[in-house]
Amino acid sequence: MSTIENQIDVAVPAEVAWDYLHSVESLPQFVDGVREARPEGKRRAHLALESAAGPRELDAEFTDRAKGGAQGSVMMWHTAKGEGADLKGAFTVRAIDDEHTQIQLRVEYDPEKTRETFGGPKGFAQSDRIQHLIQQDLEQFKDFVEGQR
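Right, let's walk through the structure included here.

**Concerning the overall build of the protein chain**
Part 1: Secondary structure summary: the protein chain contains 4 helices and 7 strands in total.
Part 2: Scanning the protein chain from its N terminus toward the C terminus, one meets helices and strands in the order β-α-α-β-β-β-β-β-β-α-α.
Part 3: The 149 residues of the protein chain split such that 40% are buried.
Part 4: Excluding contacts between residues fewer than 6 apart, the proportion of contacts in the protein chain whose partners are at least 24 apart in sequence is 49%.

**Quick look at a negative patch on the surface**
Part 1: On the surface, E15, D19, D97 and D98 cluster together into a negatively charged patch.
Part 2: Looking at where E15 falls in the secondary structure, it is placed in helix α1 (residues 14-21).
Part 3: Given the relative accessible area of 56%, E15 is considered exposed.

**Section: the sheet that holds strand β1 (residues 2-10)**
To summarise the sheet geometry, strands pair through backbone hydrogen bonds and adopt either a parallel or an antiparallel arrangement.
Part 1: Reading across from one edge, β1-β7-β6-β5-β4-β3-β2 is the order of the 7 strands in this open sheet, with antiparallel pairing throughout. The sheet terminates laterally at β1 and β2 (34-39), the two strands that pair on one side only. Strand-to-strand twist of the sheet, defined as the mean angle between neighbouring strand axes without regard to direction, takes the value 20°.
Part 2: Where β1 meets strand β7 (residues 100-109), 9 bridges bridge the pair, whose relative direction is antiparallel.

**Things to note about the pattern of salt bridges**
Part 1: On inspection of all chains with the given rule, the structure shows 9 salt bridges.
Part 2: The partner of E40 in a salt bridge is R38, with the nearest N and O atoms 3.3 Å apart.
Part 3: The salt bridge partner of R43 is D64, with a shortest N-O separation of 3.4 Å. In this pair, R43 is assigned in the loop between β2 and β3 (44-49) and D64 in strand β4 (residues 56-65), connecting sequence segments 21 residues apart.
Part 4: Judged by its relative accessible area of 30%, D64 falls in the partly exposed class.
Part 5: Each of E36, R38 and E40 takes part in a single network of salt bridges with overlapping partners.

What counts and how
- Residues numbered from 1 in each chain as written.
- Predicted model: local features only at pLDDT ≥ 70, side-chain atom pairs only at ≥ 80, totals over all residues.
- Heavy atoms only, no water.
- Helix = DSSP H or I, 4+ residues; strand = E, 2+ residues; numbered from the N terminus.
- Buried < 20%, exposed > 50% of the residue type's maximum accessible area, 1.4 Å probe, protein only.
- Contact = heavy atoms within 4.5 Å.
- Patch = residues over 30% accessible without salt bridge, like charges linked within 9 Å, V, L, I, M, F, W, Y side chains within 5 Å.
- Areas by Shrake-Rupley, 256 points an atom, 1.4 Å probe, with all protein chains shown as cover.
- Salt bridge = Lys/Arg side-chain N within 4 Å of Asp/Glu carboxyl O.
- Lys, Arg positive; Asp, Glu negative; His and termini not counted.
- Charge placed at Lys NZ, Arg CZ, Asp CG, Glu CD.
- Pairing = 2+ DSSP bridges.
- Axes fitted to C-alpha atoms, helices over the stretch in contact; angles between N-to-C directions.

Set out below in structure tokens:
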């Protein structure tokens, strides 16, 4: 497995950022390649995606851990078994002050399975592309949540 981490500061309270991350229907607003997202039960979402390999659909499962405090709140996620790419990660939400929050995104992936499922480059080029997508998604999340205020 390969791991990529990135973070961004947003000008909203931690509770607001936390709520938007849990709004499955909002994912297409800030996650590149997600055309549609709908909740399926309390901790599962169905995602319709656009990728270099064409349209894909997958289910993701979410779990919350350590809500609040100095460590922040963590929302862990992973693709459901049998979905091909075997992706997992976590959003960590930490209050900087009453009106500013740090969002950290960690993604773990199997490079070969990810390439087979979604297409795209191989090796370092793929890692570089995923790093770019994570940064872009965080910037889009920032624009989205700050624009809602």
